[in-house]
Amino acid sequence: MASKFLDLPNELLLFIARRLRAKDLASLLCCSRHLCGLLTSFLHDFAIQDVDGLTALQWAALKGHESLARFLLRRGAEVDLRRHPASYTALHLAAQEGNTEIARLLLENGATIEIMDRRYETALHVAAMRGKIDVVRLLLDKGADVAVWNLYRSQPLHLAAEGLREDVVRLLLDKGADIEVMNWNNHTPLSLAEKQANSPKKRAVVKLLKDAAGEFPNTVEERWLISLQTRRRLFLAR
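Just so it is clear, the model here is predicted, and its values are computed rather than measured. (Residues numbered from 1 in each chain as written. Predicted model: local features only at pLDDT ≥ 70, side-chain atom pairs only at ≥ 80, totals over all residues. Heavy atoms only, no water.)

A.B. asks: Even after reading the chapter, I still don't get the UniProt feature "repeat: ANK" (unreviewed entry) in the protein chain, so can you show me in this structure?
C.D. replies: Look at the UniProt record and you will see "repeat: ANK" (unreviewed entry) annotated at residues 52–84, 86–118, 119–151 and 152–184. As a span, residues 119–151 carries 52% helix and 0% strand, and end to end its C-alpha atoms are 5 Å apart. When the span residues 152–184 is considered, its composition is 48% helix and 0% strand, and the gap between its end C-alpha atoms is 6 Å. (UniProt positions renumbered as here; feature names shortened; annotations may be inferred. Helix = DSSP H or I, 4+ residues; strand = E, 2+ residues; numbered from the N terminus.)

As structure tokens, then:
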């Protein structure tokens, strides 16, 4: 049966292929090398179509398909295009999933390292929150701002501490992250870590932050006073 199918004219095989779903097309390609060669140009067109509301490059970054990402970039895919419910770019999605090599590829092809989503979060925020240490290290090595604010005045260190990401917290501190900085809710990274349920991870992160904080005041009253001073400085700096 397979040999009879492959004996069909190339035009008819292409006609059939263009009407198949992705899963069925993949099964068809397993039939012969002849089909792979015949359908190459068609597959290129298929690869650049949007998938599940994402651009093909965003989908490749999300799923970790480095070869597809390379192909799309060679074809001129827009590296900073945002088509996602949270306004994520491909770099945000690579950071979210810990796809370090794709993140590196995107940066090498002009991805904006400080581009923000709708919550003003950069890829560093996303990677820190998710505990993707290799992506965090890559972004910092490429010059990402360790002190960048999101919409809620949280820096990457806040998100890493809240998520009890010990290795990320340590790396951010080593890169100069501010242990004293407070978000709009008057929380320092330390106070966010202390709010989490008791666990070995919590104890490790709290100890790490306390060691870094030294004698920094951490009572509610002291945090409130410093927060007022911080907001005044931000207001005057506008």
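Still more ground to cover, so stick around.
A.B. asks: How do you make sense of unusual backbone geometry when you look at a structure like this?
C.D. replies: Keep in mind that most residues, glycine aside, have a negative phi and that most peptide bonds are trans. With a phi angle near 60°, Y120 is a residue other than glycine that sits in the positive phi range. Inspection of the secondary structure puts Y120 in the loop between helix 9 (100–108) and helix 10 (123–130). Classification of Y120 as partly exposed rests on a relative accessible area of 46%. Notably, R153 is not glycine yet its phi reads approximately 60°, a positive angle. (Buried < 20%, exposed > 50% of the residue type's maximum accessible area, 1.4 Å probe, protein only.)

A.B. asks: Whenever I open this one, the environment of M116 confuses me. Can you help?
C.D. replies: Structurally, M116 is set in the loop between helix 9 and helix 10. What makes M116 partly exposed here is its relative accessible area of 29%. Note: C-alpha distance between M116 and A86 (30 residues apart in sequence) is 9.9 Å. The contacts of M116, once residues within four sequence positions are left out, are R82, S87, H92, E121, T122, V148 and W149. (Contact = heavy atoms within 4.5 Å.)

A.B. asks: Sorry if this is basic, but what is going on with the nonpolar core here?
C.D. replies: A general feature of soluble globular proteins is that nonpolar side chains tend to end up buried together. L57, L106, V136, L139, V169, L172 and L209 are the most contacted members of the largest nonpolar core, which totals 56 residues. Here this core takes 6 residues from helix 11 (residues 133–141), the largest share from any one element. For L172, the residues in contact, after removing those within four places along its chain, are A128, V136, L140, V146, P156, L157, A160 and A177. (Core = buried A, V, L, I, M, F, W, Y, C linked by side-chain atoms within 4.5 Å.)

A.B. asks: Which parts of the structure should I look at to understand the packing of aromatic side chains?
C.D. replies: Each aromatic ring pair is specified by the distance between its two centres and by the angle formed by the two planes. Counting across every chain of the model gives 0 aromatic pairs. Sitting over the face of the ring of W149, R153 holds its NZ or CZ atom 5.2 Å from the ring centroid. (Phe/Tyr/Trp six-rings, centres within 6.5 Å; stacked < 30°, edge-to-face > 60°. Lys NZ or Arg CZ within 6 Å of the ring centre and 35° of its normal.)

A.B. asks: Looking at this structure, I do not really get the side chain of S191. What am I missing?
C.D. replies: For S191, the location among the structural elements is in helix 14 (residues 189–194). Judged by its relative accessible area of 6%, S191 falls in the buried class. Of note is the side chain of S191, whose polar atom sits 2.9 Å from the side chain of H187. (Polar contact = N/O pair within 3.5 Å; in protein donor to acceptor, adjacent residues only side chain to side chain.)

A.B. asks: Just checking my understanding: could you explain the side chain of Q155 for this structure?
C.D. replies: Relative to the assigned elements, Q155 resides in the loop between helix 11 and helix 12 (156–162). Using a relative accessible area of 4% as the deciding quantity, one classes Q155 as buried. The residues contacting Q155, other than those within four sequence positions of it, are H125, V146, A147, V148, W149 and V181.

A.B. asks: I would appreciate a short explanation of helix 10 in the present structure.
C.D. replies: Think of an α-helix as turning once every 3.6 residues; residues three or four places apart then point the same way. Burial within helix 10 is extensive, with 6 of its 8 residues counted as buried. For helix 10, the full list of buried residues reads A123, L124, H125, V126, A127 and A128. Buried-residue contacts for helix 10 involve helix 8 (90–97), helix 11, helix 12 and helix 13 (166–174).

A.B. asks: Can you help me understand helix 11 in this one?
C.D. replies: Considered for burial, the residues of helix 11 that qualify are I133, V135, V136, L138, L139 and L140. Structurally, helix 11 contributes buried residues whose contacts are with helix 8, helix 9, helix 10 and helix 13. Directly beyond the C-terminal end of helix 11, a positive phi value near 100° is found at G143.

A.B. asks: Before we go on, may I ask you to explain the packing of helix 9 against helix 11 in this structure?
C.D. replies: The geometry of a pair of packed helices is captured by two quantities: the angle between their axes and the separation between those axes. Where helix 9 contacts helix 11, the axes come no closer than 9 Å and their chain directions differ by 20°. Judged by the inter-axis angle, helix 9 sits roughly parallel to helix 11. Considering the relative orientation of helix 9 and helix 11, their crossing is right-handed. Judged by residue contacts, T100, A103, R104 and L107 of helix 9 engage D134, V135, L138 and L139 from helix 11. (Axes fitted to C-alpha atoms, helices over the stretch in contact; angles between N-to-C directions. Parallel < 35°, antiparallel > 145°, perpendicular 65-115°, else oblique. Left-handed = near helix turned anticlockwise from the far one by under 90°.)

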